[in-house]
Amino acid sequence: MKIAVLASGSGTNLQNLITQLHTDKNCHIEIAVVISDRKNAYALQRAKHAGIPQEIIRSQHFRDRVEFDNAIAKKIQDYDVDLIVLAGYMKLFQPPFVRQFRNRIINIHPSLLPAFPGANAVADTLAYGVKVSGVTVHFVDEGVDTGPIIAQAAVPVYDGDDEETLHQRIQIEEHKLYPEVIKKYAQEKIKIQDHNVVTIK
């Protein structure tokens, strides 16, 4: 199975996917391309070091967001990708893109959705004072972190935690959960019934 990874930042989840999936010849999952909306994203360097093609597609080069999404869609089709994996990608897709790739886009989010959606999940978690946070892998729909939930893992919130310490523990679980979900998708063990995800063991 071929996947495209979209990243905007340092690419720690990308590096984990390279290590656990792309370089493991037994799982038959190839990262066909890494796409970023930021030319200086370190994720691009990680892809380069692994010999993975990199594409930079910047929104300011297009008239509107739909045109920007169309350029990404074209690249995904060029690389014959089966699954789109968001790994710290900070742009929201417009509805036409989501419809085109329905149930073929997944995202990882640093909270137990539906709690604390959006870009500031870890800060929001600490501000609210909850005792358990976590990580969610979900399909992307037209909303903000509202798509069908595939898998979750809980992470305790300790007294004295700040954003850095909590996020570090969340990332440990992210690095376990994301490759597992992608492997199950490749094995066709993830099915959607209405808005609910059923995982076949």
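Quick note: structure is the one above.
Here goes a summary of the coordinates provided. (Residues numbered from 1 in each chain as written. Predicted model: local features only at pLDDT ≥ 70, side-chain atom pairs only at ≥ 80, totals over all residues. Heavy atoms only, no water.)

**A closer look at the overall build of the chain**
The secondary structure content of the chain amounts to six helices and nine strands. Whereas a compact globule of 201 residues would reach a radius of gyration of roughly 17 Å, the chain reaches 16 Å, a difference of no more than 12%. Dimensions along the principal axes, computed over C-alpha positions, put the chain at roughly 50 × 40 × 35 Å. Considering the chain as a whole, with its 201 residues, one finds that 44% of them fall into the buried category. Residue pairs in contact within the chain that sit at least 24 positions apart in sequence constitute 61% of those at least 6 positions apart. Just so you have it, the chain exposes about 10,200 Å², and 48% of that area is on carbon and sulfur atoms. Taken as two groups, the 23 positive and 24 negative side-chain charges of the chain have centres that lie 5 Å from each other. (Helix = DSSP H or I, 4+ residues; strand = E, 2+ residues; numbered from the N terminus. Rg over C-alpha atoms; globule rule 2.2 N^0.38 Å. Buried < 20%, exposed > 50% of the residue type's maximum accessible area, 1.4 Å probe, protein only. Contact = heavy atoms within 4.5 Å. Areas by Shrake-Rupley, 256 points an atom, 1.4 Å probe, with all protein chains shown as cover. Lys, Arg positive; Asp, Glu negative; His and termini not counted. Charge placed at Lys NZ, Arg CZ, Asp CG, Glu CD.)

**Some details on the nonpolar core**
Residues Val-5, Ile-31, Val-85, Ile-106, Ile-150 and Ile-182 are the most contacted members of the largest nonpolar core, which totals 38 residues. It is helix α6 (residues 163–186) that contributes the most residues to this core, seven residues altogether. Once you skip the residues sitting within four places of it in the chain, Ile-31 turns out to touch Ile-3, Val-5, Leu-14, Leu-17, Ile-18, His-22 and Ile-52. Formed by 21 residues, the second largest nonpolar core is a distinct cluster that contains Ala-4, Leu-6, Ile-35 and Val-81. (Core = buried A, V, L, I, M, F, W, Y, C linked by side-chain atoms within 4.5 Å.)

**What to know about α6**
Here α6 spans 33 Å end to end across 24 residues, near enough to the 34 Å set by a 1.5 Å rise per residue. A maximum bend of about 25° is found in α6 at Glu-174. Within the span of α6, buried status applies to Leu-166, Ile-170, Glu-174, Leu-177, Tyr-178, Pro-179, Val-181, Ile-182 and Tyr-185. Sitting at the amino-terminal end of α6 is Asp-162, which places a side-chain oxygen 3.1 Å from the backbone nitrogen of Glu-164. One or two steps after α6, the chain reaches Glu-188, where phi turns positive at roughly 60°. (Expected span 1.5 Å × (residues − 1). Bend = angle between axes of the 7 residues up to and from the residue. Polar contact = N/O pair within 3.5 Å; in protein donor to acceptor, adjacent residues only side chain to side chain.)

**Structural notes on the sheet that holds strand β3 (residues 54–56)**
In space, the seven strands of this open sheet follow the order β3-β2-β1-β4-β5-β6-β7, with mixed pairing throughout. Two strands close off the open sheet at either side, each with one partner strand: β3 and β7 (149–156). Across the sheet, the mean angle from the axis of one strand to that of its neighbour is 20°, orientation sign disregarded. By the bridge criterion, five bridges tie strand β1 (residues 2–6) to strand β2 (residues 30–36) in an arrangement that is parallel. (Pairing = 2+ DSSP bridges. Axes fitted to C-alpha atoms, helices over the stretch in contact; angles between N-to-C directions.)

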